[in-house]
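As a plain string of letters, each chain reads:
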Amino acid sequence: MTASNNNNSITNLMLEDRGNSYAGSMIYDESNNIVVLIGSTYGSFWEEENHPLSNHSNCFLSILQLPTTKEEDINTTTTSLHSSDKPTWLYSTILDDEDNNNNSNSVCSTSSDNINVVVNDNNMRLFIGGSTEEGGLLTSLRKAGSNRAVQYGIVLDITLDFDKVEETNLTTVKSNLLGGRLFHSTTVQSVQAIAASDNFVYVVSEVSDSADLNPSFQQRNNNSMPNLLQTDKYYGPDSEIFLRLEQLPIQNNTNNSDGSLKET
């Protein structure tokens, strides 16, 4: 990973290329001066050692600690960085559960509407939408005998716990996948937007009872590591697509085997 500061005070960050990775969305947390980036990857760019590339897409979460600015530059048109302060990758991980067999595609947060966050002083709770296939992330929540889907919709419920050394500088981050909700009432579904209140998560999904491969998707992704954040893979020209809105009560019991978001 490299960081550079050009004459326009724009900081560029690059990661070593270890496989196709696709950014889904990001959020800025002003209280902790961090950016949370979520998307999909076929690689393992956060590992200290090289690992074989995956043939399947996984969800990733990364946190970027932003630099502070000089006090004398706050009121100027151009903000410059401390020479010793550069953006740093504070934390990165694959979002996984114990039952994921790592042989199925999963993607998270296809747009900025697909993530909702509640921030407290030392922790952050994220609700992240995405999709997965049989055997992938959260499919262990599907009860035996219930409908299988070609593409499942998912909402992940994740907490991030922070340790601080200064008011706006973090030292360590720990993530915990509390659970979430798996959607599989139709053949294909993909979460398009999420909103959260204190007690509920509201989810808008595109759904279809057919799973026709979309020729346009195949043309755009004619490689072995397609961008599955483009959610129209199974929405072919003859597919009937509907929007579905669901209200999910939030449960704070993390030991719930049915997930942390109840069905209504």
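Note: the structure precedes this text.
Computed from a predicted structure; not experimentally measured.

Calculation rules
- Residues take numbers from 1 onward in each chain, read along the sequence in its written order.
- For a predicted model such as this one, the threshold for reporting local features is a pLDDT of at least 70, and the threshold for listing and counting side-chain atom pairs is 80 or more; totals across whole chains, interfaces and linings nevertheless cover every residue.
- Excluded from the side-chain calculation are hydrogens and water; included are all heavy atoms of the structure.
- Only DSSP runs of H or I reaching four residues or more are called helices, and only runs of E reaching two or more are called strands; each is numbered from the N terminus.
- Categorising residues by exposure relies on relative accessible area from a 1.4 Å probe, with only protein chains included: less than 20% of the type maximum marks a residue as buried, more than 50% marks it as exposed, and the intermediate range marks it as partly exposed.
- Note on contacts: a residue pair qualifies if any of its non-hydrogen atoms lie within 4.5 Å across the two residues.
- Surface exposure here means Shrake-Rupley accessible area, sampled with a 1.4 Å probe, where a residue is shielded only by the protein chains that are shown.
- A pair of Phe, Tyr and Trp rings is counted when the ring centres sit within 6.5 Å of each other, with Trp represented by its six-membered ring. The angle between the planes then sorts it: under 30 degrees is stacked, over 60 is edge-to-face, the rest tilted.
- Pairing between strands requires that DSSP locate at least two bridges from one strand to the other.
- An axis is simply a line fitted to the C-alpha atoms; with a helix, the fit covers only the stretch in contact. Between two such axes, the angle follows the N-to-C directions and lies from 0 to 180 degrees.
- Here, a salt bridge means any Lys or Arg side-chain nitrogen found within 4 Å of an Asp or Glu carboxyl oxygen.
- Take the buried Ala, Val, Leu, Ile, Met, Phe, Trp, Tyr and Cys residues and link them wherever side-chain atoms come within 4.5 Å; each set so joined is a nonpolar core.
- The pocket and cavity definitions rest on a 1 Å grid over protein atoms only: a 1.4 Å probe that fits but cannot leave marks a cavity, an open set with protein on both sides within 12 Å along at least five of seven lines marks a pocket, and residues lining either have an atom within 4 Å of a point.
- Grid points are joined across faces, edges and corners, and a volume is the space filled by probe spheres set on the points.
- Here the term charged refers only to Asp, Glu, Lys and Arg, the term nonpolar to Ala, Val, Leu, Ile, Met, Phe, Trp, Tyr, Cys and Pro, and the term polar to all other amino acids, Gly among them.

K.L.:
Got a sec to walk through the overall build of the protein? Specific residues and values, please.
P.N.:
Of the regular secondary structure elements, the protein holds one helix and 14 strands. Residues counted as buried form 46% of the 264 residues belonging to the protein. Considering only residue pairs separated by 6 or more positions, the protein has 62% of its internal contacts joining residues 24 or more positions apart. In the structure as shown, the protein presents an accessible area of about 13800 Å², 44% of it carried by carbon and sulfur atoms.

K.L.:
Describe in detail the packing of aromatic side chains, supporting the description with residues and values.
P.N.:
Evaluation of the coordinates by the stated rule reveals one aromatic pair. Arranged with centres 6.2 Å apart and planes meeting at 40°, the rings of Phe200 and Tyr202 form a pair that is tilted. The class for Tyr202 is partly exposed, based on a relative accessible area of 30%.

K.L.:
A description of the sheet that holds strand S13 (residues 200-208) should follow, citing residues and the corresponding values.
P.N.:
Strand order in this open sheet of three strands is S12-S13-S14, and the pairing throughout is antiparallel. Of all strands in the sheet, those with a lone pairing partner are strand S12 (188-196) and strand S14 (242-249), marking the two edges. This sheet shows a mean twist of 25° between the axes of neighbouring strands, independent of strand direction. Where S12 and S13 come together, eight bridges link them in antiparallel fashion. Bridge pairing links Ala193 to Val204 in S13.

K.L.:
Report on the pattern of salt bridges, specifying residues and quantitative values.
P.N.:
Scanning the model with the defined rule gives four salt bridges in all. Between Lys233 and Glu133 there is a salt bridge, and its shortest N-O distance comes to 3.7 Å. One end of the pair, Lys233, is in the loop between helix H1 (215-220) and S14; the other, Glu133, is in the loop between strand S9 (123-132) and strand S10 (152-166), with 100 residues separating them in the sequence. Residue Glu133 is classed as buried on the basis of its relative accessible area of 18%. With a closest N to O distance of 2.9 Å, Arg244 and Glu246 form a salt bridge. Judged by relative accessible area, Arg244 falls into the buried class, the value being 17%.

K.L.:
Quick rundown of unusual backbone geometry? Include the residues and the values.
P.N.:
Positive phi outside glycine occurs at Leu138, with the angle close to 70°. On the secondary structure map, Leu138 appears in the loop between S9 and S10. Assessed through its relative accessible area of 4%, Leu138 is described here as buried.

K.L.:
Give a description of the nonpolar core that names residues and reports values.
P.N.:
Grouped together as the largest cluster of nonpolar side chains are 26 residues, with contacts concentrated most on Val36, Leu61, Ile63, Leu126, Ile128, Leu156 and Leu160. Listing elements by their share of this core, those giving two or more residues are strand S4 (34-41), strand S5 (58-65), S9, S10 and strand S11 (169-183). Of all the elements, S10 adds the most residues to this core, at six residues. With near-sequence residues (within four places) excluded, Ile63 lies in contact with Ile34, Val35, Val36, Thr88, Trp89, Leu90, Tyr91, Leu160, Phe162 and Val173.

K.L.:
Lay out the environment of Ser106 in plain terms, naming residues and giving numbers.
P.N.:
In this structure, Ser106 sits in strand S7 (residues 106-108). Classification of Ser106 as buried rests on a relative accessible area of 2%. Placed 67 residues apart in sequence, Ser106 and Gly39 show a C-alpha to C-alpha distance of 9.9 Å. Each residue touching Ser106, except ones within four places of it in the same chain, is listed here: Ser40, Ser57, Asn58, Cys59, Ser131, Thr132, Gly136 and Leu137.

K.L.:
Break down the sheet that holds strand S3 (residues 21-29) for me, with residues and values.
P.N.:
Hydrogen bonds between backbone groups are what pair the strands of a sheet, and the pairing can be parallel or antiparallel. If you walk across this open sheet you meet the four strands as S3-S4-S5-S6, and the pairing is antiparallel. For this open sheet the edge positions go to S3 and strand S6 (88-94), each flanked by a neighbour on one side alone. Across the sheet, the mean angle separating the axes of adjacent strands is 20° when strand polarity is ignored. Across six bridges, S5 lies against S6 in antiparallel orientation. Residue pairing for S6: Phe60 is matched across the bridge by Ile94.

K.L.:
Quick one: what's the story with empty space enclosed by the protein, residue by residue and with numbers?
P.N.:
Applying the stated criterion across every chain, the model contains one cavity of 30 Å³ or more. The calculated volume of the largest cavity comes to roughly 90 Å³. Val107, Ser131, Glu133, Gln151 and Leu228 are, among the 13 residues lining the largest cavity, the residues nearest its centre. When contributions to the lining of the largest cavity are tallied by element, the ones reaching two or more residues are S7 and S9. Here the lining of the largest cavity is composed, by residue class, of three nonpolar, seven polar and three charged.

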